Amino acid sequence: MASTKDVLANHLKCFGEGDLDGILSDYAADAILFTPDGPLKGADAIRPLFVSMIEEFRKPGATFRMQQQFVDGDFAYILWTAETADNVYELATDTFVVRNGKITAQTFTGKTTPRS
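Residues numbered from 1 in each chain as written. Predicted model: local features only at pLDDT ≥ 70, side-chain atom pairs only at ≥ 80, totals over all residues. Heavy atoms only, no water.

**Digging into the packing of aromatic side chains**
Here's step 1: Across all of its chains, the model carries eight aromatic pairs by this definition.
Here's step 2: Plain terms: the ring middles of F15 and F57 are 5.3 Å apart, the flat faces sit at 70° to each other, and that makes the pair edge-to-face. Here F15, found in helix 1 (residues 4-17), pairs with F57, found in helix 3 (residues 43-57); they are 42 residues apart in sequence, far enough to count as distant.
Here's step 3: Assessed through its relative accessible area of 13%, F57 is described here as buried.
Here's step 4: Ring geometry for F70 against Y77: centres 6.4 Å apart, planes inclined by 20°, an arrangement best described as stacked.
Here's step 5: Accessibility expressed as a relative area gives 46% for F70, which makes it partly exposed.
Here's step 6: On the accessibility criterion, Y77 (28% relative accessible area) is partly exposed. (Phe/Tyr/Trp six-rings, centres within 6.5 Å; stacked < 30°, edge-to-face > 60°. Helix = DSSP H or I, 4+ residues; strand = E, 2+ residues; numbered from the N terminus. Buried < 20%, exposed > 50% of the residue type's maximum accessible area, 1.4 Å probe, protein only.)

Okay, structure coming up:
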């Protein structure tokens, strides 16, 4: 069974590679992802968010900078910034709860400014 650190590493690697199936494989079947727009429950609900994010971050010139990363037991936290053709992510955070090698809960929030 993968550790929290391993699951987070795979999640970030798959996102960087644009591997949607790899990203979704990190989640438990009943996982919940809390976003500023409301909770997403299960892979079918989470999928469109990552389809959109992958599409955005695949555009030329996108950058992603990890500012902080902490793992403690079943919990992980990342703080990051990014710029894409569509948005400036001035500050963004994700918190993960990993149980039995799968993400069971995640929160995401960020200060995002659309490019005009």
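Text resumes after the structure shown.
**A look at the environment of A29**
Here's step 1: Relative to the elements of secondary structure, A29 occurs in strand 1 (residues 27-35).
Here's step 2: Sequence separation between A29 and D44 is 15 residues, and the spatial gap between their C-alpha atoms is 9.4 Å.
Here's step 3: Sequence-distant contacts of A29, defined by excluding residues within four places in its chain, comprise G42 and A43. (Contact = heavy atoms within 4.5 Å.)

**Section: the layout of surface pockets**
Here's step 1: As a volume, the largest pocket reaches approximately 200 Å³.
Here's step 2: What lines the largest pocket is T35, P36, D37, L40, P48, L49, S52, M53, E56, Y89 and F108.
Here's step 3: Here the lining of the largest pocket gets five residues from one element, more than from any other, and that element is helix 3.
Here's step 4: Along the lines of polarity and charge, the residues of the lining of the largest pocket split into seven nonpolar, two polar and two charged. (1 Å grid on protein atoms, 1.4 Å probe; cavity = no way out; pocket = protein on both sides within 12 Å on 5 of 7 lines; lining within 4 Å. Points joined across faces, edges and corners; volume = space filled by probe spheres on them. Nonpolar A, V, L, I, M, F, W, Y, C, P; charged D, E, K, R; others polar.)

**What to know about empty space enclosed by the protein**
Here's step 1: For the structure shown, the criterion picks out one cavity of 30 Å³ or more.
Here's step 2: Reported here for the largest cavity is a volume of approximately 190 Å³.
Here's step 3: Every residue lining the largest cavity is counted, 14 residues in all, and those nearest its centre are F15, F50, M53, W80 and D94.
Here's step 4: Counting only elements with at least two residues in the lining of the largest cavity, the list comes to helix 1, helix 3, strand 4 (75-83), strand 5 (87-99) and strand 6 (102-114).
Here's step 5: Considered class by class, the residues forming the lining of the largest cavity number 11 nonpolar, two polar and one charged.

**Points about the nonpolar core**
The nonpolar side chains of a soluble globular protein tend to be buried, and buried together.
Here's step 1: One finds Y27, I46, F50 and W80 to be the most contacted residues of the largest nonpolar core, which totals 25 residues.
Here's step 2: Counting only elements with at least two residues in this core, the list comes to helix 1, helix 2 (20-25), strand 1, helix 3, strand 4 and strand 5.
Here's step 3: It is helix 3 that provides the largest number of residues to this core, a total of five residues.
Here's step 4: In contact with I46, not counting residues within four places along its chain, are L24, Y27, A31, L33 and L40. (Core = buried A, V, L, I, M, F, W, Y, C linked by side-chain atoms within 4.5 Å.)

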